[in-house]
Amino acid sequence: MTKKKKGDTLNFGLIVAVDADELGLPRLKVQTEPHDTPQDKERAFQMAQEFAEARRREGGLVPAVKAGMPLKEAVEQFLANIHKPKTFRAYRTALNIRAIPFFGAERLTSEIDQELFAEYVKHIFSDSEAAHSTKVGYVNAFTSLFSWLRARHPKSTHILSTKKLIPNKSGSEAEERDSFTMSQLQSLFENAAKYRAAEPHKFWVTVATAFMGCRIEEIAQVHLLTDLLHDQSSDIWYLDFNDRPDPDGVKRKSIKKPTSKRVAPIHSALIRHGFLEYLQTQKEAGATRPFECGWKPWNEPKRGGVHWSHAISKWGGRELGNLAKAGNISREGSRLTYFHSMRHTLAQVLAERGVSEEWRAALQGQVAAGAGENATRYVKLRQDPKFLSDLIETNLTDYASILDDALGT
């Protein structure tokens, strides 16, 4: 930098680099020389700022861009940094299907403040069809997006808070998905029985899921070589629900939460009617999963996740719809789903028989109230096939009876 004094005026010759930062604001670099004083440098920088701002207003060097970025662009960048397939899918749905249509794809993220966010939360919870937990997930996905943005662009991103915005949950978790009555469960078993000979995968996925009260993905993804186990001391067969890699070292399983890791004893009624033989035929056919010969897994193209229950769940939804149309199961005024309602049915049956919450949670892979104080014992219960087998053998006699009736034995 050089300067020439003429009267009371200083004329500077400046070397200035001017571009825009990620917010569209002027970013200046002023080259100085060793002999420049701090006062000279400060004055030069002020002059460069004034020059850049003037040129910006004239449409010159730095364009007039508002702080922030379009919401659609922010969502794309955010999703690209999520590596867990289930989280990616949940957030993609919440942000692309819910948030972007509400706010608008081109709305700048800097324009979304707490007041506008409150309107969004109100909009989400006005949906009478979605479950409370689903709506909470939609809201949390959006706050996660903004937490991610604030870590990178704090000056242009508002802090969003859900405090006092999310309404209290009305009813228990079990009420979000209704349970089947025993007569409805019998209708399911009788309908499934027609598939037993020609399409056995449809029969066994129905009755086995009902007896175990598990999530459909849990039973669909068990590896037949490593997760079908036999406790010789008690002569109990069971499935091991886990997210370990397959024998070839590739991870093709996932679990919803740490408490989902558990063993699931196979009820004697299932064994009596041939479930073990069915699993053996699947292994002999070259399958690694219980229902793989009937339904191929969905391989997620972007994140590489493998979802063994994707087609199974869709089939279950259609099957329940057909049963409702035929008048075999009424869905009027209820929130029934083919597989997940089986899970709630087992929980309700066990509760009605006086089984403690801790034992029910251990069997179904849920978080038990007070489990923190008894964490060691709780983990042992989840991994004890003898204890869990005694639990279902004692309390699922009605299940065994309706299965016998459905098969005419």
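Remember, it's a predicted structure, so these values are computed and weren't measured experimentally. (Residues numbered from 1 in each chain as written. Predicted model: local features only at pLDDT ≥ 70, side-chain atom pairs only at ≥ 80, totals over all residues. Heavy atoms only, no water.)

## Some details on the pairing of strand β5 (residues 228-231)
Pairing of β5 with strand β6 (residues 236-241), which is carried by 4 bridges, proceeds in the antiparallel orientation. For aspartate 231, the partnering residue across the bridge sits in β6 and is isoleucine 236. Counting the residues between successive antiparallel strands, the hairpin from β5 to β6 contains 4 residues, one of them, aspartate 235, with a positive phi of roughly 55°. (Pairing = 2+ DSSP bridges. Helix = DSSP H or I, 4+ residues; strand = E, 2+ residues; numbered from the N terminus.)

## As for the environment of phenylalanine 117
Note that phenylalanine 117 resides in helix α4 (residues 114-125). Of the residues examined, phenylalanine 117 reaches a relative accessible area of 0% and is grouped as buried. C-alpha separation for the pair phenylalanine 117 and threonine 162, spaced 45 residues apart in sequence, amounts to 8.8 Å. (Buried < 20%, exposed > 50% of the residue type's maximum accessible area, 1.4 Å probe, protein only.)

## A word on the packing of aromatic side chains
Two measures describe an aromatic ring pair: the distance that separates the ring centres and the angle between the ring planes. With the rule as written, the count across this model stands at 21 aromatic pairs. Taking the centre distance of 4.8 Å and the plane angle of 15° together, the rings of phenylalanine 103 and phenylalanine 142 count as stacked. You can see phenylalanine 103 sitting in helix α3 (residues 85-103) and its partner phenylalanine 142 sitting in helix α5 (residues 132-152), a full 39 residues away along the chain. Residue class for phenylalanine 142 comes out buried when judged on its relative accessible area of 0%. Put simply, the rings of Phe102, Phe103, Phe117, Tyr120, Phe142 and Phe146 pair up and form one aromatic cluster. (Phe/Tyr/Trp six-rings, centres within 6.5 Å; stacked < 30°, edge-to-face > 60°.)

## Comments concerning the pattern of salt bridges
For the structure shown, the criterion picks out 17 salt bridges. Across the pair aspartate 243 and lysine 251 runs a salt bridge whose closest N-O atoms are separated by 3.7 Å. Here aspartate 246 ties to arginine 289 by a salt bridge, and the two come within 2.9 Å at their closest N and O atoms. Here arginine 289 lies in the loop between α10 (275-284) and β8 (298-299) and aspartate 246 lies in the loop between β6 and β7 (262-265), a separation of 43 residues in the sequence. Each of the two residues, aspartate 246 as well as arginine 289, counts as buried. Among the charged side chains, a salt-bridge network with shared partners connects Asp227, Asp240, Arg244 and Lys253. (Salt bridge = Lys/Arg side-chain N within 4 Å of Asp/Glu carboxyl O.)

## Considering the packing of α4 against α5
For the pair α4 and α5, interaxial distance at closest approach is 9 Å and the crossing angle is 155°. The orientation of α4 with respect to α5, classified from their angle, is roughly antiparallel. Considering the relative orientation of α4 and α5, their crossing is right-handed. On α5, the residues touching Phe117, Tyr120, Val121, Ile124 and Phe125 of α4 are His132, Lys135, Val136, Tyr138, Val139, Phe142 and Thr143. Looking at the contact of α4 with α5 residue by residue, the class counts come to 9 nonpolar, 2 polar and 1 charged. (Axes fitted to C-alpha atoms, helices over the stretch in contact; angles between N-to-C directions. Parallel < 35°, antiparallel > 145°, perpendicular 65-115°, else oblique. Left-handed = near helix turned anticlockwise from the far one by under 90°. Contact = heavy atoms within 4.5 Å. Nonpolar A, V, L, I, M, F, W, Y, C, P; charged D, E, K, R; others polar.)

## Remarks on helix α11 (residues 310-325)
A turn of α-helix holds 3.6 residues, and therefore any two residues three or four places apart point the same way. With 16 residues, α11 extends 23 Å from end C-alpha to end C-alpha; this agrees with the ideal 22 Å at 1.5 Å per step. If you check which residues of α11 are buried, you get Ile312, Trp315, Gly316, Glu319, Leu320, Gly321 and Leu323. Where α11 ends, the next residue or the one after it, glycine 327, has phi of about 80°, a positive value. (Expected span 1.5 Å × (residues − 1).)

## Details of helix α2 (residues 71-80)
Within the span of α2, buried status applies to Leu71, Ala74, Val75, Phe78 and Leu79. Taken around the axis of α2, the buried residues stretch over an arc of 125°, which confines them to a single face. In this structure, the buried residues of α2 make contact with α3 and α5. (Arc of directions from axis to C-beta.)

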